[in-house]
Amino acid sequence: MDADWDEVTRIAFPAPGSAEYPRPATALAFDTAQELLWAGSDRGRVVSFCGRDLQPYTAFRIQPPAEGPVRQFLFHEKGVIALGTRCIHMAMRRGPALWNIRHNEMKDLRCMAFTSRGASEILVAGGQDTMFVIDVSKGEIVKQVATENHYMIMKKSRYICAATKNGCVNLLDPTSLKVIRSWQAHSSYINDMDAQHDFIVTCGGSIKQQAAQAFMLDPYVNVFDLKNMTSMKPMPFPPLAAHVRLHPRMLTTSIVASQHGQMHVVDLMNPNTSNVRYANIHSFLGKFEIAPSGEALVMADAECNLYLWGSPSKLRFTDLALPVELPEPEEPAPLLDWSPDTPLSSVGMPYYRETLFSAWPADVISDVGAPPAQLDQAFLSSLTKVDWGFYGRNTRGLRRNQFEDTRTAGNASNSMQPPKFLSEKARESASSSNGGGSSDQVADTPTSSELECLKPEAPAVYLNLEIKYSKFGVDDFDFGFFNKTRYAGLENHIANSYANSLLQLMHYTPLLRNMALQHAATACLVDPCLLCELGYVFDMLQKAEGSTCQATNMLKALGYTSEAGPMGLLEEGTHPASLAAMVQALSRFLFQDISRGYQSISPASTVLEQALFNLPQPLTPDEFVSRVLTTSAVITIRCTHCRNESTRPGNTWVNELIYPAQKPVGRGVRAPRTTFSQVLKMGVERETTSKGWCSRCQRYQNLQMRKTISSIPAVLALNAVITSPDQRRLWATPGWLPEEIGIIVDQGQFFCYEGEDLKLHLQRGIHDITVYSLTGLVVSVETSSPQKPHLVGMINVAHAEPTPPGQSRWHLFNDFSVRSISREEALTFNMSWKMPAVLMFQLKAANNKISTDWREKLDTSILYQDLNPTMDSSTKTYQVLDRETEKPGPDTIVALDTEFVSLKQPEIQINSDGQKETIRPMSHALARVSVVRGQGEHEGTAFIDDYIIIREPIVDYLTMYSGITPSDLDPRKSRHNLVPLKAAYKKLWVLLNLGCKFLGHGLRQDFRVINMQVPRAQVIDTIDFFYLKARLRKLSLAFLAWYLLKEDIQLETHDSIEDARTALKLHRKYLEFIDAGILEIILEDIYRAGRGTNFKPQRKDDQVVQRTDTPPIPMEGAAPSTPTPSRKTGGPGLGPGTGSVAGPASGFGGAPVFTPNKGSPMPK
């Protein structure tokens, strides 16, 4: 609070109605986006005031007057959220309502706060036993949470801080909403509370006279440290603390106010000194609030007055405020002197609030003389001639009546049209007379010598790509059209997929890839562990061999971390920043999290790194992180006033570049050249001056800070932080970014060289210079509407090859589009739309150092341990592997089947031609995974049967198809082996990297939902064994079991263990048919029989089989469980009376199995 702070404006709070008397404000809040002050009354009325003069702006009611006061405000980019006693109301800032939510359990609402999903979700609580989670975008209740506490105040920091009515403060996890810690702040009640960053401050009261039960405010403010989870020394306040607020900018500064208007500005770290101010109020102070900018505060007293305080020269409510939308006054029409001689042209046009359809914009008006559209001869020959012209099927790829711009048709080669669906290509291929239909092609390399990055607007290869969906979902999209390389891309229809380019960049940095895989190969079961998830993604990208992958589990784990939301790393955040700022913040967070995760457990192997750094003994996790990721430094802090110096550690994981200030030069004087090495040196040493607290002066002074560097890591990550046109112009200089740099660290000094200077130092060999190679960079593509800003990766994949190729191999990674580009294309930038965001340099000696020994030291203990040992053995459906006798390896076959639930329903729109188009398909989540032994003594017995704990709201359990019910996934009710997704995934990942072969029916969808990439050599899919390409139809597991095995499966619901066992039997059948040489005949019979039954198994009316759950594993000496029902009669295509012979390789359920050449049903 500066010395010139004083009362700026005083107004009377307006009455809630023309016939009512004025009432004091019950809620106050400054808008976070505009220069507005919001206030609520005890009659359910909301009023807003604009600017420093507090001019009335909007007013509306959120509830009937009899229901009581307005309690609290929260702010969203679309409007304001107001809390009443029995409803929650959201309105636009102009006043119109967006939604109003009421519920029978809403009896006494008091407070609300945003959850871990940022501004897209709020938690509402009060003097009742139920809390509500509300989706702000949809305006509906997502979840109800039972609670034993009645909350009066809520504030959101790193946790949701909730004050109860008995003086206690509970810390709630923003994701699970569970109580993490409780703190008894005051003995009786809490009058006011605030929470920001790492601190909670409260003021409250206690009983001072036990006999009279008289309450009195406490003469102090309590402080709680969220970082260390401890109470701090209370701040004394003799006038009795009634209200308290933390300063939004100065992290340790608070403002305390009494009921009589006395205000103290106090530092939490030094509570004995304070700045005292007095507010001239007419009555008791009722409400007190500080603006988000820290430059204004507002008070409300009991006599219905509002007082605005601040510095008259600096007063503003928020930084970078959006303009307030004001109503446009309607000018009255001029009066006409109407007479017979009055010209009709003097009559004005009607007033329209919206643009008329007749006001065509200029961009849809075509020039005269545009060339006619060129029609393909094959298209013309397919038309039918009638007396008025021609008609036929529209195969030109344009919608009906769609305008075709023939003037720019010559430049259309730069646009990237979506390819045909795979199902369309398959139909065309089958119907084509020569056996091959039309195919889409995309060039892997640019055909023009002109650099794409020099064009005035972003070309199509840089733009955001959209996945199209058919009725078969995302699997029908032709990702191969966009990627002809052997490097995998990443799908972009997942939340937070802006991180794709950074994940690709980290994957092609060998040391980071090695770290992630070494950690993933350990016994780590921490959930969420981003380092494990990175290892899984990197392994998936490596195994994909050019196929498109998805980082679903990784991005979900990012959303589960408590720090991601407050740091603005989630796309659905409160105030999403630019994509460049988000990916730079994500790089800092990931490197810090990688360091923590790697140090938590010893890696599988560091032999390669030990040889790289030429060390006599293996590295400890701390030493490894220090050498690979950490820029070790000491920060020297010097006060410019008293010259006092102090030091503190200044280690960083990601360095941010600092650019020299552009100084004006005289006419004829050449401006000094700024090199990348100079900018890097300034960013690493980071010599800055800023305001800070001087312990000797005991006040805020200008402090000079400078880093003394002791070591530079093997992976040097840099954030470009481009904020001005001069900096953009610097990057746009041709050849400004070098592919190699040399670094010398000598006695705390940092030196950087590039180009000819680097060659000269290497030739001399005087200094110990370390050479770094540019692995790649994340580039921000800034486009204008309707295109959205986008991030792409420019990566030199040559550094991540097992064998050095001898030349650079730069590739453009645009989500699932991957193409080869030239070095000049990668390292040339454009001021208009192409700027770097994140750069990654790696020790040149570490190039092509790919570690593979983690596979030999893979921790397999999770396969042999029961994660739910207390589970009732009578209901257990699995038997874990025996460590001595069952060791999976490359020759091991395991049968896999999974069940899913739905998280989101598909979004479908009807086009102008009446056809349905899928905007977004149904989103699934893994709910159950079962793995069955495919050989050995216990063949057919499941050793994994995991039900998955799902954190997201489930919209459909798909019980008819999955067999999953709500109680199966409820930790309080489930009788199954309920585990986190991390544990279930790790078991499958270990089996995958042990070389096991996965057998199942339709495994592609299973692997997709599991989010795992399995090499073709490790997949045995029975859906491909019994399939004729010419028929364009794949057969279901139930139909094949009914026809070939004479078994009826999936009678009531699906069961993953039963389906996995059935796939094993079908695989055995397939091998028998191959041995007998009758597979083709059998396939023709299967499809012939399927046409007669519509490819559905025929159930007998007199066969009643009830199966509600997987039968448990029989205990030793107990009767065997009921097998899958089998039918004794022959099915279609198998002659009656031929029967079948049960050979030694009969199925697990006891069904007869046909053996070739022994009672064969086929005619001879």
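- The chain appears in an unreviewed UniProt entry as PAN2-PAN3 deadenylation complex catalytic subunit PAN2 from Lasiosphaeria ovina.
- Per UniProt, the comment on the chain under Subunit (unreviewed entry) is "Forms a heterotrimer with an asymmetric homodimer of the regulatory subunit PAN3 to form the poly(A)-nuclease (PAN) deadenylation complex."
- Of the chain, the UniProt comment under Subcellular location (unreviewed entry) reads exactly: "Cytoplasm".

**Comments concerning the overall build of the chain**
Here is step 1 of the chain: Each helix and strand in the chain was counted, giving 20 helices and 53 strands.
Here is step 2 of the chain: On the chain, roughly 56500 Å² of surface is accessible, and the fraction owed to carbon and sulfur atoms is 51%.

**Considerations on unusual backbone geometry**
Here is step 1 of the chain: For the bond running from D527 to P528, omega is 0 degrees, close enough to zero to count as cis.
Here is step 2 of the chain: Turning to its location among the elements, P528 is positioned in the loop between α4 (510-520) and α5 (530-544).
Here is step 3 of the chain: Despite not being glycine, C304 shows a phi value in the positive range, around 65 degrees.
Here is step 4 of the chain: With respect to the helices and strands, the residue C304 is situated in the loop between β29 (296-301) and β30 (305-310).

**Section: the nonpolar core**
Here is step 1 of the chain: Formed by 149 residues in total, the largest nonpolar core has its most connected members in F676, W731 and W989.
Here is step 2 of the chain: In this structure F676 touches L657, L718, W731, W736, L737, P738, I741, E754, L839 and F841, once residues within four positions along its chain are discounted.
Here is step 3 of the chain: With 37 residues, the next largest nonpolar core counts I893, A942, A1063 and L1064 among its residues.

**A few points about a positive patch on the surface**
Here is step 1 of the chain: Among the surface-exposed residues, K138, K788, K904 and R920 lie close enough to one another that they form a single positively charged patch.
Here is step 2 of the chain: Mapped onto the secondary structure, K138 falls in the loop between β12 (130-135) and β13 (140-146).
Here is step 3 of the chain: A relative accessible area of 60% places K138 in the exposed class.

**Description of the sheet that holds β13**
Here is step 1 of the chain: Pairing is antiparallel in the open sheet, where four strands are placed in the order β10-β11-β12-β13. For this open sheet the edge positions go to β10 (109-115) and β13, each flanked by a neighbour on one side alone. Here the average twist between neighbouring strands, direction ignored, is 25 degrees.
Here is step 2 of the chain: Note that β10 and strand β11 (residues 118-126) share six bridges and pair antiparallel. Paired with M112 across the bridge in β11 is V124.

**Re the UniProt feature "binding site: a divalent metal cation" (unreviewed entry) in the chain**
Here is step 1 of the chain: Cross-referencing UniProt, the feature "binding site: a divalent metal cation" (unreviewed entry) maps to D897, E899, D1006 and D1059 in the present numbering. Over a stretch of 163 residues, the named residues converge on one spot in the fold, their C-alpha atoms separated by at most 12.6 Å.
Here is step 2 of the chain: For D1006, the position within the fold is in helix α16 (residues 1003-1010).
Here is step 3 of the chain: Relative accessible area serves as the criterion here: at 5%, D1006 is assigned to the buried category.
Here is step 4 of the chain: Relative to the elements of secondary structure, D1059 occurs in helix α19 (residues 1056-1076).
Here is step 5 of the chain: For D1059, a relative accessible area of 5% translates into the label buried.
Here is step 6 of the chain: Apart from residues lying up to four places away in sequence, D1059 is in contact with D897, E899, L1037, I1049, Q1050 and H1054.

**Looking at the pairing of strand β2 (residues 27-30)**
Here is step 1 of the chain: Because side chains alternate across β2, one face comprises the buried residues A27 and A29, and the other comprises L28 and F30, equally buried.
Here is step 2 of the chain: Bridging between β2 and strand β3 (residues 36-40) involves four bridges; their strand directions are antiparallel. Considered in β3, the bridge of F30 is made with L37.
Here is step 3 of the chain: Between the antiparallel neighbours β2 and β3 lie five residues.

**Notes on the pattern of salt bridges**
A side chain with one charge can pair with a side chain of the opposite charge if their charged atoms come near.
Here is step 1 of the chain: The tally for this structure, following the rule as stated, stands at 47 salt bridges.
Here is step 2 of the chain: Close ionic contact of R588 with E656 constitutes a salt bridge, the shortest N to O distance being 2.5 Å. Highlighted residues: R588 in helix α7 (residues 579-600) and E656 in strand β35 (residues 654-656), separated in sequence by 68 residues.
Here is step 3 of the chain: Relative accessible area serves as the criterion here: at 32%, R588 is assigned to the partly exposed category.
Here is step 4 of the chain: One salt bridge connects D945 with R928, and the closest N-O pair in it is separated by 2.8 Å. Of this pair, D945 sits in strand β50 (residues 942-949) while R928 is found in strand β49 (residues 923-933), placing the two residues 17 residues apart along the sequence. Each member of the pair, D945 as well as R928, is classed as buried.
Here is step 5 of the chain: Through salt bridges with shared partners, a single ionic network connects K681, E685, E687 and R706.

**Considerations on the packing of aromatic side chains**
Here is step 1 of the chain: What the rule picks out here adds up to 33 aromatic pairs.
Here is step 2 of the chain: Between the aromatic rings of F477 and F482, the centroid separation amounts to 5.8 Å while the plane-to-plane angle is 15 degrees, which identifies the pairing as stacked. The pair formed by F477 and F482 is uniform in burial state, with each residue classed as buried.
Here is step 3 of the chain: With a centroid separation of 4.7 Å and 70 degrees between ring planes, the pair formed by W731 and W736 is classed as edge-to-face. For the pair formed by W731 and W736, the shared burial category is buried.
Here is step 4 of the chain: In textbook terms, an aromatic cluster arises when at least three aromatic residues are bridged by ring pairs, as seen for F477, F479, F481, F482 and F816.
Here is step 5 of the chain: Looking at R951, its charged tip hangs above the ring of Y560, at a distance of 4.2 Å from the centre.
Here is step 6 of the chain: A cation sits over an aromatic face here: K1034 above Y1027, 5.1 Å from the ring centre.

**Describing empty space enclosed by the protein**
Here is step 1 of the chain: Overall, the coordinates contain four cavities of 30 Å³ or more when judged by the stated rule.
Here is step 2 of the chain: Space inside the largest cavity adds up to approximately 60 Å³.
Here is step 3 of the chain: Every residue lining the largest cavity is counted, 13 residues in all, and those nearest its centre are Q865, V880, F943, I944 and K987.
Here is step 4 of the chain: It is β50 that contributes the most residues to the lining of the largest cavity, four residues altogether.
Here is step 5 of the chain: Tallied by class, the residues present in the lining of the largest cavity amount to seven nonpolar, two polar and four charged.
Here is step 6 of the chain: Every residue lining the second largest cavity is listed: S116, K156, R158, P174, G559, T561, S562, G565, P566 and L570.
Here is step 7 of the chain: Considered class by class, the residues forming the lining of the second largest cavity number three nonpolar, five polar and two charged.

**Points about helix α9 (residues 621-628)**
Here is step 1 of the chain: Regarding α9, the residues found buried are P621, F624, V625 and V628. Looking straight down α9, one finds that the buried residues subtend no more than 95 degrees of arc, so they occupy a single side.
Here is step 2 of the chain: Turning to α9, the residues buried within the fold contact α4, α7, α8 (607-612) and β38 (715-719).

**Comments concerning the packing of α4 against α5**
Here is step 1 of the chain: Interaxial distance between α4 and α5 falls to 8 Å at its minimum, and their mutual angle equals 110 degrees. Looking at the two axes, α4 sits roughly perpendicular to α5. When the axes of α4 and α5 are compared, the crossing they make is left-handed. Between α4, through L512, R513, A516, L517, H519 and A520, and α5, the contact on the second element is made entirely by L531, C532, L534, G535, Y536, F538, D539 and Q542.
Here is step 2 of the chain: For the contact of α4 with α5, the class distribution of residues is nine nonpolar, three polar and two charged.

**So, the side chain of S962**
Here is step 1 of the chain: Looking at the secondary structure, you find S962 in helix α14 (residues 959-962).
Here is step 2 of the chain: Take S962: its relative accessible area is 2%, and that puts it in the buried class.
Here is step 3 of the chain: At a separation of 3.2 Å, a polar atom in the side chain of S962 contacts the main-chain amide nitrogen of I964.
Here is step 4 of the chain: The contacts of S962, once residues within four sequence positions are left out, are E899, F900, Y957 and H1054.

**Concerning the pairing of β10**
Here is step 1 of the chain: In terms of burial, β10 is a largely internal element, six of the seven residues being buried.
Here is step 2 of the chain: Where β10 folds back onto β11 in an antiparallel hairpin, the turn is made up of two residues.

**Focus on the confidence of the model for the chain**
Here is step 1 of the chain: Per-chain confidence: the chain averages 84 in pLDDT, with 87% of residues scoring 70 or above.
Here is step 2 of the chain: When the criterion is pLDDT under 50, residues 1128-1164 qualifies, and its contacts beyond four places in sequence or with other chains add up to 65 contacts.

**Description of the sheet that holds strand β8 (residues 87-91)**
Here is step 1 of the chain: Spatially, β6-β7-β8-β9 is the arrangement adopted by the four strands of the open sheet, whose pairing is antiparallel. The two strands at the open ends of the sheet, each matched to only one other strand, are β6 (72-76) and β9 (97-102). On average, each strand axis in the sheet is inclined to that of its neighbour by 15 degrees, with strand direction left out of account.
Here is step 2 of the chain: Two strands pair when backbone bridges link them, and β8 and β9 are joined in this way by five bridges, in the antiparallel orientation. Paired with C87 across the bridge in β9 is R102.

About the cut-offs
Residues numbered from 1 in each chain as written. Predicted model: local features only at pLDDT ≥ 70, side-chain atom pairs only at ≥ 80, totals over all residues. Heavy atoms only, no water. UniProt positions renumbered as here; feature names shortened; annotations may be inferred. Helix = DSSP H or I, 4+ residues; strand = E, 2+ residues; numbered from the N terminus. Areas by Shrake-Rupley, 256 points an atom, 1.4 Å probe, with all protein chains shown as cover. Core = buried A, V, L, I, M, F, W, Y, C linked by side-chain atoms within 4.5 Å. Buried < 20%, exposed > 50% of the residue type's maximum accessible area, 1.4 Å probe, protein only. Contact = heavy atoms within 4.5 Å. Patch = residues over 30% accessible without salt bridge, like charges linked within 9 Å, V, L, I, M, F, W, Y side chains within 5 Å. Salt bridge = Lys/Arg side-chain N within 4 Å of Asp/Glu carboxyl O. Lys, Arg positive; Asp, Glu negative; His and termini not counted. Charge placed at Lys NZ, Arg CZ, Asp CG, Glu CD. Pairing = 2+ DSSP bridges. Axes fitted to C-alpha atoms, helices over the stretch in contact; angles between N-to-C directions. Phe/Tyr/Trp six-rings, centres within 6.5 Å; stacked < 30°, edge-to-face > 60°. Lys NZ or Arg CZ within 6 Å of the ring centre and 35° of its normal. 1 Å grid on protein atoms, 1.4 Å probe; cavity = no way out; pocket = protein on both sides within 12 Å on 5 of 7 lines; lining within 4 Å. Points joined across faces, edges and corners; volume = space filled by probe spheres on them. Nonpolar A, V, L, I, M, F, W, Y, C, P; charged D, E, K, R; others polar. Arc of directions from axis to C-beta. Parallel < 35°, antiparallel > 145°, perpendicular 65-115°, else oblique. Left-handed = near helix turned anticlockwise from the far one by under 90°. Polar contact = N/O pair within 3.5 Å; in protein donor to acceptor, adjacent residues only side chain to side chain. pLDDT = per-residue confidence, 0-100.

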